[in-house]
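Here's the letter readout for the chains.
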Amino acid sequence: MLNEERKLLILKEVNEKGTITVQDLRDKYGVSESTIRRAITDLSREGKLVKVFGGAVALDNSNNIEEPPLHSKDAVNKDEKIKIAEYAASLIDPGDYVFIDSGSTTRYMIDYITEKRAIYITNSVSHARGMVRRGFKVLLTGGELKENTEVIVGADAILHIQKYHFAKGFFGTNGINTKLGFTTPDVREALVKRVAIENTEPGNRFILADHDKFGKSSAVTFSDFGGTLVITDKRPENAYMNMMEIKVVY
């Protein structure tokens, strides 16, 4: 079976079932797990499904767990988030193309960014509004607007992001798990995060996460630990220190 034919069959199956696992596909098609993973990775990069830990999820899967509105998360660990955000903002250099992900910690970054010779791309309406008010050059992705979080998702947002090669990217996460990687509840947001991370230079993919995020997980994995640096406020357990690059700000 040709690779393109296999990809079409995998896509058809995930759209019919909503979710699929690597093991099920391996058994069904009689090929190695690595072959199935490569096909899923290709389909994910093409924006046709969402790659998750151990399998894939359809783009139109309606069983998403919705996040609470952004303002309701702002006050949780606020002081810790501000410390992380202030350090993250100091990493931006003149001429950088910078992706700023949605989230409460990345939102706090806006108060501390001073570099106006950089260009900022975001899929968060509230982030874009805040940066424009402070005189920064901002590009807002197109796509579908989620009402509760003011985040833009969908195929148009992905196509927009794929045009860029970001010098630096700053990302939020709902959980960090040694087995699942970085996770978020919403499939559509996960896909945008994944594409933005893949289009950011390795080593400059910054995950902003307060200490409460370690050991937690959500429904969808949007990235593994490769090429990322976690900026946090407390030193996590050794298991995390041994698996990923971590910067602790005090």
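Residues numbered from 1 in each chain as written. Predicted model: local features only at pLDDT ≥ 70, side-chain atom pairs only at ≥ 80, totals over all residues. Heavy atoms only, no water.

Student: Explain the overall build of the protein to me, using residue names and the numbers behind them.
Tutor: Assigned secondary structure in the protein consists of ten helices and 15 strands. Seen along its three principal axes, the alpha-carbon backbone of the protein occupies a region of about 55 × 40 × 30 Å. Sorting the 250 residues of the protein into buried and exposed places 55% on the buried side. Across the protein, every contact between residues at least 6 apart in sequence was considered, and the portion connecting residues at least 24 apart equals 61%. Surface summary for the protein: the accessible area is close to 11,600 Å², and the carbon and sulfur share equals 49%. In the protein, 35 side chains carry a positive charge and 35 a negative one; their mean positions are 2 Å apart. (Helix = DSSP H or I, 4+ residues; strand = E, 2+ residues; numbered from the N terminus. Buried < 20%, exposed > 50% of the residue type's maximum accessible area, 1.4 Å probe, protein only. Contact = heavy atoms within 4.5 Å. Areas by Shrake-Rupley, 256 points an atom, 1.4 Å probe, with all protein chains shown as cover. Lys, Arg positive; Asp, Glu negative; His and termini not counted. Charge placed at Lys NZ, Arg CZ, Asp CG, Glu CD.)

Student: Got a sec to walk through the nonpolar core? Specific residues and values, please.
Tutor: Among the nonpolar cores identified, the biggest contains 36 residues, and Ile176, Val230 and Met244 are the most heavily contacted of them. Looking at this core, the elements that each hand over two or more residues are β2 (49-52), β5 (119-122), β8 (151-153), α8 (155-162), α9 (187-198), β13 (220-223) and β15 (245-248). Among the elements that line this core, the one with the most residues is α9, at seven residues. Core analysis: the second largest hydrophobic core is formed by 25 residues, Ile82, Ile84, Met109 and Leu208 among them. (Core = buried A, V, L, I, M, F, W, Y, C linked by side-chain atoms within 4.5 Å.)

Student: Can you explain the sheet that holds β15? Please cite residues and give values.
Tutor: Taken together, seven strands build an open sheet; the order of strands is β6-β5-β4-β9-β12-β14-β15 and the sheet is parallel. The outermost strands of the open sheet, each flanked by one partner alone, are β6 (137-140) and β15. Shown here is a sheet whose adjacent strand axes are inclined to one another by a mean of 25°, direction ignored. In terms of strand pairing, strand β9 (residues 168-172) meets strand β12 (residues 205-208) through four bridges, oriented parallel. Looking at β12, one finds that glycine 169 is bridged to arginine 205. Running at roughly 135° to strand β14 (residues 228-232), helix α5 (residues 78-89) makes contact with β9, β12, β14 and β15 of the sheet. (Pairing = 2+ DSSP bridges. Axes fitted to C-alpha atoms, helices over the stretch in contact; angles between N-to-C directions.)

Student: I'd like a description of the sheet that holds strand β1 (residues 19-21), backed by residues and values.
Tutor: Taking strand neighbours across the sheet as the criterion, the three strands line up as β1-β3-β2 in an open arrangement whose pairing is antiparallel. In the strand order of this sheet, the two ends are held by β1 and β2, each with one partner. Direction aside, neighbouring strands of the sheet carry axes that sit 20° apart on average. Bridge count for β1 against strand β3 (residues 55-58) is three bridges, and the pairing is antiparallel. Within the sheet, the bridge partner assigned to isoleucine 20 lies in β3 and is alanine 56. Relative to the sheet, helix α3 (residues 33-45) contacts β2 and β3, its axis offset from that of β2 by approximately 130°.

Student: Before we move on, can you summarise the packing of aromatic side chains with the specific residues and values?
Tutor: Under the criterion given, the structure shown has nine aromatic pairs. Here tyrosine 164 and phenylalanine 166 contribute two aromatic rings whose centre-to-centre distance is 5.8 Å and whose plane-to-plane angle is 25°, an arrangement assigned as stacked. Each member of the pair, tyrosine 164 as well as phenylalanine 166, carries the same accessibility label: buried. Every member of this aromatic cluster is reached through a ring pair, and the members are Tyr97, Phe99, Tyr164, Phe166 and Phe171. Cation over ring: arginine 107 sits above tyrosine 108, and NZ or CZ is 4.8 Å from the ring centre. Residue placement shows lysine 193 over the ring face of phenylalanine 222; its charged tip is 5.1 Å from the ring centre. (Phe/Tyr/Trp six-rings, centres within 6.5 Å; stacked < 30°, edge-to-face > 60°. Lys NZ or Arg CZ within 6 Å of the ring centre and 35° of its normal.)

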